[in-house]
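Residue strings, one per chain:
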Amino acid sequence: MAATAVLLSARRWLTSGVLVLGLAAGTSLLAMTPKTDATGSVLNTRELRCTGRDPTVCLSSAYEDRRRRLERAAAHLTRRLEGVAPTHYLLTEDSPQSCRGRKGSGSPWTIGVSPRTEASVRNLAACIVGPALYEPASPEAYALYRWLAGEASADRPTARERSAADRLARLSARRRATWIGQYLTAAEHGSRPPAVPDPRGVRLP
């Protein structure tokens, strides 16, 4: 009888522990999920599955077939961003395309991937670089996009853009990471990023 009582007590404790862990995980996922008025938002988070760490990729079950491609793209960008990369990527039925929010929010930098957008390295790189890639393209934006995507953007680059991309590629990993961090901070505040420094230490005009 005593052994049976101990076993039942242990089962109750284990069940309680699983419940607490489930509630904790659910709370974390709800905090990451975009807040919308859609009635299906909470139901979507129940089907959300996250994999990996730095970066963590979270998808709802409806888009499970896109996981491997998003994981590969996120891992590539993490390597190229060298310590200043997004920590989470989120794709659900109602997640908006969202790239900013890196500083000052007190929460992880989460890239929201719209289900209507292909989760490719090119698209995510353009998302991180921001509007400066298009309105009109600055040499710094082009250089960062070229570094992240590993290819040129659709338009033919100018001489200044090619020069900036070449300087960024030739920087040491430490100096490049510093500059990328400065670029992202400037993009976060809507200001112009600093010029890509010369790897030889030559002062740019």
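Residues numbered from 1 in each chain as written. Predicted model: local features only at pLDDT ≥ 70, side-chain atom pairs only at ≥ 80, totals over all residues. Heavy atoms only, no water.

As a further point, take the overall build of the protein chain. Of regular secondary structure, the protein chain possesses seven helices and four strands. Tracing the protein chain from N to C terminus, the helices and strands come up as α-α-β-β-α-β-β-α-α-α-α. Here the protein chain, with 205 residues, has 39% of them falling under the buried criterion. At a minimum sequence separation of 6, the contacts of the protein chain that also span at least 24 residues come to 51%. Counting only carbon and sulfur atoms, one obtains 56% of the accessible surface of the protein chain, whose full area is about 12200 Å². (Helix = DSSP H or I, 4+ residues; strand = E, 2+ residues; numbered from the N terminus. Buried < 20%, exposed > 50% of the residue type's maximum accessible area, 1.4 Å probe, protein only. Contact = heavy atoms within 4.5 Å. Areas by Shrake-Rupley, 256 points an atom, 1.4 Å probe, with all protein chains shown as cover.)

A sheet is described by the order of its strands in space; here four strands give the open sequence S1-S2-S3-S4, paired in mixed fashion. Since the sheet does not close on itself, it has two edges, and those belong to strand S1 (48–51) and strand S4 (110–112), each with one partner. Taking each pair of neighbouring strands and ignoring which way they run, the sheet shows an average axis angle of 20 degrees. With four bridges joining them, S1 and strand S2 (residues 56–60) adopt antiparallel strand pairing. Paired with Leu48 across the strands is Ser60, a residue of S2. Across the sheet, helix H3 (residues 67–81) lies against S1, S2 and strand S3 (88–91), angled at about 155 degrees from S2, the strand it touches most. (Pairing = 2+ DSSP bridges. Axes fitted to C-alpha atoms, helices over the stretch in contact; angles between N-to-C directions.)

For the protein chain, mean pLDDT is 76; residues scoring 70 or higher make up 70% of the total. Low pLDDT, under 50, characterises residues 1–45; the stretch is placed with 20 contacts to residues that sit more than four places away or in other chains. (pLDDT = per-residue confidence, 0-100.)

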